[in-house]
Amino acid sequence: MQRVEVQVRGEDAFLVRAVAAALADPEHAAEARALLRGRFAPAPTRSLKDLLASAPLDGIELERSRDTGRTVDL
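Now for a look at the structure at hand. Please read all numbers here as calculations on a predicted model, not as lab measurements. (Residues numbered from 1 in each chain as written. Predicted model: local features only at pLDDT ≥ 70, side-chain atom pairs only at ≥ 80, totals over all residues. Heavy atoms only, no water.)

## Structural notes on the overall build of the chain
Right, so step 1: Helices and strands together make up the secondary structure of the chain, namely three helices and zero strands.
Right, so step 2: Reading the helices (α) and strands (β) of the chain from amino to carboxyl end gives α-α-α.
Right, so step 3: A globule of 74 residues ought to have a C-alpha radius of gyration of about 11 Å, yet the chain, at 27 Å, is considerably larger.
Right, so step 4: With respect to the principal axes defined by its C-alpha atoms, the chain has extents near 80 × 30 × 25 Å.
Right, so step 5: The buried share of the chain, taken over its 74 residues, is 4%.
Right, so step 6: Looking at charge distribution, the chain has the averaged site of its 11 positive side-chain charges lying 5 Å from that of its 12 negative ones. (Helix = DSSP H or I, 4+ residues; strand = E, 2+ residues; numbered from the N terminus. Rg over C-alpha atoms; globule rule 2.2 N^0.38 Å. Buried < 20%, exposed > 50% of the residue type's maximum accessible area, 1.4 Å probe, protein only. Lys, Arg positive; Asp, Glu negative; His and termini not counted. Charge placed at Lys NZ, Arg CZ, Asp CG, Glu CD.)

## Quick word on the environment of Gly38
Right, so step 1: Turning to its location among the elements, Gly38 is positioned in helix H2 (residues 29–40).
Right, so step 2: Residues Gly38 and Leu15, 23 residues apart in the sequence, show an inter-C-alpha distance of 18 Å.

## What about the packing of helix H1 (residues 13–24) against H2?
Right, so step 1: Running from N to C, H1 and H2 cross one another at 125°; their axes reach a closest spacing of 6 Å. As far as their axial angle goes, H2 and H1 are oblique. Residues Val19, Ala22 and Leu23 of H1 pack against Ala29, Ala32, Arg33 and Leu36 of H2. (Axes fitted to C-alpha atoms, helices over the stretch in contact; angles between N-to-C directions. Parallel < 35°, antiparallel > 145°, perpendicular 65-115°, else oblique. Contact = heavy atoms within 4.5 Å.)

## Side note on the pattern of salt bridges
Right, so step 1: Applying the stated criterion across every chain, the model contains one salt bridge.
Right, so step 2: With a closest N to O distance of 3.7 Å, Arg9 and Glu11 form a salt bridge. Each member of the pair, Arg9 as well as Glu11, carries the same accessibility label: exposed. (Salt bridge = Lys/Arg side-chain N within 4 Å of Asp/Glu carboxyl O.)

Here it is, written out as structure tokens:
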């Protein structure tokens, strides 16, 4: 356990205490943590590789033509 001091408005003090109590209670901790993470945790960052792997590729031609174009005399 770790002690944390925060400053909140007077009307929110009971709410912060209730959240702290839920996180300290073994029966409610997992659910409280999941709810708080789902609402307030930053979205996990995804790498470019993950984004490309999840991109829909239906109908996209992935093979390149081997045509090198016209011949040019230099």
